[in-house]
Every structure is written in C-alpha cells, then in structure tokens.
Amino acid sequence: ISTLTNELGIPINVSIYDGNKHDTKCLNEDIDKIFTNNKNFSDKIKKHNNKILLIADKGYDARSIRILLRKHKIMSLIKPNNRNTKNKNKIRKFNKRQEKIYKKRIKIEHYFGKIKRYPKINCIYEKTKESYLNLLLLVSTMIIINNMPI
C-alpha cells in the first residue's frame, strides 16, 4: 500500500503495488499520477507559494526521488539512510528543527493504524488487487468522514 496524506492524516492518494516493488518506484508513479491527472492539485501548490513538504522515511532516501520532488517544486524531508555510506564524513543527520518537523510523520503511521483495524484490510482476503483497492478506498473514505468537523 502506498499512501500520501495531508498534514491532518487524510489520504490524498492511495495505491496498491506488488510486494516486490521498491518504495521509490511507487512514489515516482504516485507523484506523476497526482500531477498529471489532477490539475487542481497543481493549482493549489501555486496558491501556497510552492511550499509543499513531503516527509518520508528511510525507504525513500534516493537521488531519483529528490530530483522528482524538485521537478514538481516539492520540498522534501527524508530521513537519511546511512547504511551504505563508507565515508564517515558524509553521514547526514537532521538538525533540531528538521527533527521537530519529521515528528509530524506520525500522522501517516496513525492512518495505517486506522486502516489496519479492519480485518479485511489487515489480512488480505481478496482475490484481486482491484477488489482490495476498492475496500481500501472505502475505509479511507470512512476515515475522511470521521475526521471531518461537524
């Protein structure tokens, strides 16, 4: 499951990919899908002075992701993956301000916690990806409705 949410934890995009596909390829497709199919999303970015921030975990720490985000004028705050860094001087770390902002990533973890409460989502009982995606979209819609102020 690949999901992009806003700052309130409400899903903007929900996609399903095979388990053997790397996160960076999934994000490439999701970002392209959002910007090519949704003209309103591009207009909203322009209205907010191009200040869209993508907060992601270590799985998304790749040069191709950073280039894609720059192309779409999205700022990125991606936890550095220093496992393959041989030179100790090149190890990247967050400063205190970045750590504070990165803590907002808990919203996506809360979203996954909410969808995993549903047994049909938690354990995949569906035969096809399409039916599982439809159930996932239904649960996401329920989350959106429950988060709306009355």
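Residue positions are given per chain, counting from 1 as you read along its sequence in written order. Two thresholds apply to this predicted model, a pLDDT of at least 70 for residue-level local features and 80 or more for giving and counting side-chain atom pairs, whereas whole-chain, interface and lining totals are computed over all residues. Side-chain measures were taken over the full set of non-hydrogen atoms in the model, leaving aside hydrogen atoms and water.

A word on the pattern of salt bridges
- By salt bridge we mean one thing: a side-chain nitrogen of Lys or Arg within 4 Å of a carboxyl oxygen of Asp or Glu. A full pass over the atoms with the stated rule returns seven salt bridges.
- Across the pair Lys 21 and Glu 29 runs a salt bridge, and its minimum N-O distance is 2.5 Å.
- Note that Asp 61 is salt-bridged to Arg 92, the shortest N-O span being 2.5 Å. Placement of Asp 61 in the loop between strand 3 (52-56) and helix 3 (63-71) and of Arg 92 in the loop between strand 4 (74-78) and helix 4 (96-102) is noted, with a sequence separation of 31 residues between them. Helix and strand assignments follow DSSP, with helices taken as H or I runs no shorter than four residues and strands as E runs no shorter than two, numbered in order from the N terminus.

A few points about the nonpolar core
- Formed by 14 residues in total, the largest nonpolar core has its most connected members in Leu 27, Ile 31, Leu 54 and Leu 69.
- Elements that contribute at least two residues to this core include exactly helix 1 (23-37), strand 3, helix 3 and strand 4.
- Here the element with the most residues in this core is helix 1; it accounts for four residues.
- Note on contacts: a residue pair is in contact if any heavy atoms of the two residues lie within 4.5 Å. Residues in contact with Leu 69, not counting those within four places in the same chain, are Ile 31, Leu 54, Ile 74, Ser 76 and Ile 78.
- Nonpolar core, defined: a set of buried Ala, Val, Leu, Ile, Met, Phe, Trp, Tyr and Cys residues in which side-chain atoms within 4.5 Å join the residues together. Only protein chains enter the accessibility calculation, which uses a 1.4 Å probe; a residue is then buried when its area is under 20% of its type maximum, exposed when over 50%, and partly exposed in between. Membership of the second largest hydrophobic core comes to 10 residues, among which are Ile 115, Ile 121, Leu 136 and Val 139.

Comments concerning the packing of aromatic side chains
- Between the rings of Phe, Tyr and Trp (Trp by its six-membered ring), a pair exists once the centres lie within 6.5 Å; its type follows the angle of the planes, with under 30 degrees stacked, over 60 edge-to-face, and the other angles tilted. Scanning the entire structure with this criterion turns up two aromatic pairs.
- Ring geometry for Tyr 111 against Phe 112: centres 5.5 Å apart, planes inclined by 70 degrees, an arrangement best described as edge-to-face.
- The buried category is assigned to Tyr 111, whose relative accessible area is 1%.
- Residue Phe 112 is classed as partly exposed on the basis of its relative accessible area, which comes to 22%.

Concerning the pairing of strand 2 (residues 11-15)
- The buried fraction of strand 2 is high, at four of five residues.
- Relative to strand 2, strand 1 (residues 2-5) runs antiparallel, the two sharing four bridges. Note on strand 2: the bridge partner recorded for Thr 3 is Val 14.
- Should DSSP find at least two bridges between two strands, the strands are taken to pair. Joining the antiparallel neighbours strand 1 and strand 2 is a turn of five residues, in which Gly 9 adopts a positive phi near 85 degrees.

Remarks on helix 7 (residues 129-147)
- Every helix has an expected span of 1.5 Å times one less than the residues it contains. Taking 1.5 Å of rise per residue, the 19 residues of helix 7 would be expected to cover 27 Å, and the 27 Å separating its terminal C-alpha atoms lies within 8% of that figure.
- Along helix 7, the positions that sit buried rather than exposed are Tyr 132, Leu 136, Val 139, Ser 140 and Ile 143. Each buried residue of helix 7 lies within a common arc of 105 degrees when the element is viewed along its axis, so the set occupies one face. Projecting away from the buried face of helix 7 at angles above 90 degrees are the exposed residues Glu 130, Asn 134 and Ile 145.
- On the buried face of helix 7, the contacting elements are strand 2, helix 5 (106-115) and helix 6 (119-122). Throughout, the arc means the angular range of directions from the helix axis out to the C-beta atoms.

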